[in-house]
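Residues per chain, in single letters:
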Amino acid sequence: MQKTIIKTALITVGAIIIACGLIFGSILIFDSHTSAQFFSNIGKEETALKYYERAYEREESEENLLLVINSSISASDNAALIEYFEIYDKSKNKAEDEYDEFIAGKYCTALLEEGRTEDAFKSAKKYVGDYSSTCAPRAIIAYGFSKQDKAILTSALALLNAVSLENATTLSASALSTIASDITMISSYLATN
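Notes on the structure follow. Bear in mind the structure is a predicted one, so any value in this text is a computation, not a measurement.

### Overview of the packing of helix 4 (residues 62-74) against helix 5 (residues 78-89)
Next, step 1: Put simply, helix 4 and helix 5 touch, their axes get as near as 9 Å, and they point 150° apart. Overall, the two elements helix 4 and helix 5 adopt an arrangement that is roughly antiparallel. The two elements helix 4 and helix 5 cross, and the hand of that crossing is left-handed. For the pair formed by helix 4 and helix 5, the contact residues are Glu62, Leu65, Leu66, Val68, Ile69, Ser72 and Ile73 on the first element and Ala80, Leu81, Tyr84, Phe85, Ile87 and Tyr88 on the second.
Next, step 2: Here the residues of the contact of helix 4 with helix 5 sort into eleven nonpolar, one polar and one charged.

### Thoughts on the side chain of Asp100
Next, step 1: Position of Asp100 among the secondary structure elements: in helix 6 (residues 98-113).
Next, step 2: A distance of 2.4 Å separates a polar atom in the side chain of Asp100 from a polar atom in the side chain of Tyr88.

### Things to note about helix 8 (residues 136-147)
Along an α-helix, residues three or four positions apart point the same way, because every turn accommodates 3.6 residues.
Next, step 1: Over its twelve residues, helix 8 extends 17 Å from the first C-alpha to the last, a length consistent with the 16 Å expected when each residue adds 1.5 Å.
Next, step 2: Considered for burial, the residues of helix 8 that qualify are Ala136, Pro137, Ala139, Ile140, Ile141, Tyr143 and Gly144.
Next, step 3: Lining the buried residues of helix 8 we find helix 6, helix 7 (117-126), helix 9 (150-166) and helix 10 (173-192).
Next, step 4: After helix 8 finishes, the residue Gln148 shows a positive phi value of roughly 50°.

### Examining the packing of helix 4 against helix 6
The relative placement of two packed helices is expressed as an angle between their axes plus a distance between the axes.
Next, step 1: Two elements in contact, helix 4 and helix 6, have axes whose closest approach is 11 Å; the angle formed by their N-to-C orientations is 50°. Here helix 4 is positioned oblique relative to helix 6, judged by the angle of their axes. Where helix 4 crosses over helix 6, the handedness of that crossing is left-handed. Note on element contacts: helix 6 touches helix 4 through Tyr99, Phe102, Ile103 and Lys106, opposite Leu66, Ile69, Asn70 and Ile73.
Next, step 2: A class-by-class count of the residues in the contact of helix 4 with helix 6 yields six nonpolar, one polar and one charged.

### Structural notes on the packing of aromatic side chains
The geometry of two aromatic rings is summed up by the distance between their centres and the angle between their planes.
Next, step 1: All told, the structure shown has eight aromatic pairs when counted by the stated rule.
Next, step 2: Geometrically, the ring pair formed by Tyr99 and Phe102 is tilted, given 6.4 Å between the ring centres and 40° between the ring planes. Of this pair, Tyr99 and Phe102 both sit in helix 6, separated by three residues, roughly a single helical turn.
Next, step 3: The partly exposed category is assigned to Phe102, whose relative accessible area is 29%.
Next, step 4: By way of ring pairs, the aromatic residues Phe85, Tyr88, Tyr107 and Tyr127 are connected into one cluster.

### Details of the pattern of salt bridges
Next, step 1: Using the criterion set out here, one finds seven salt bridges in the structure.
Next, step 2: We note a salt bridge from Lys126 to Asp89, for which the minimum N-O separation is 2.9 Å. In this pair, Lys126 is assigned in helix 7 and Asp89 in helix 5, connecting sequence segments 37 residues apart.
Next, step 3: According to the relative accessible area criterion, Asp89 is buried, its value standing at 18%.
Next, step 4: Notably, a salt bridge pairs Arg138 with Asp182, separated by 2.9 Å at the nearest N-O pair. Highlighted residues: Arg138 in helix 8 and Asp182 in helix 10, separated in sequence by 44 residues.

Rules and cut-offs
Residues numbered from 1 in each chain as written. Predicted model: local features only at pLDDT ≥ 70, side-chain atom pairs only at ≥ 80, totals over all residues. Heavy atoms only, no water. Axes fitted to C-alpha atoms, helices over the stretch in contact; angles between N-to-C directions. Helix = DSSP H or I, 4+ residues; strand = E, 2+ residues; numbered from the N terminus. Parallel < 35°, antiparallel > 145°, perpendicular 65-115°, else oblique. Left-handed = near helix turned anticlockwise from the far one by under 90°. Contact = heavy atoms within 4.5 Å. Nonpolar A, V, L, I, M, F, W, Y, C, P; charged D, E, K, R; others polar. Polar contact = N/O pair within 3.5 Å; in protein donor to acceptor, adjacent residues only side chain to side chain. Expected span 1.5 Å × (residues − 1). Buried < 20%, exposed > 50% of the residue type's maximum accessible area, 1.4 Å probe, protein only. Phe/Tyr/Trp six-rings, centres within 6.5 Å; stacked < 30°, edge-to-face > 60°. Salt bridge = Lys/Arg side-chain N within 4 Å of Asp/Glu carboxyl O.

Given below as structure tokens:
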């Protein structure tokens, strides 16, 4: 009698485990968003990126595209960030908000990491926005300082001079003051190093 109860309990527990495995497997296969969130939550950003890419392939919405871009930033996957930001960029003429400036800055940094300096500076000029702390030119400046790369900083200096001239009437006084401060900072660094 007792063996029958134990056997039945083990079969029930085994069936529950198998059912849970099948449900979890089905979610992984058929629900890319949930799978991506799960892997992102446990720190597997590269795997999450693949699921977000799959979700974008199924439905090419801006929301899915931004999820892929965010995930590529979290996964430090420059190739994916460049690929998907360029899709996003086709619908933009300029930075519409600080978030656009942020992801454009990450995109420019990824381009620099991949050795595409000219493309990075061309994009940075497009994504000046209101010259916030996260805008593309400031991301390039931060990258240049972090790598102590005088060539990038020299190009950034030229970019800032062009931006301040071209946007003198559209940028706020605060933004222009920040640009002037950045120009001074870069010039001082280049003069002493």
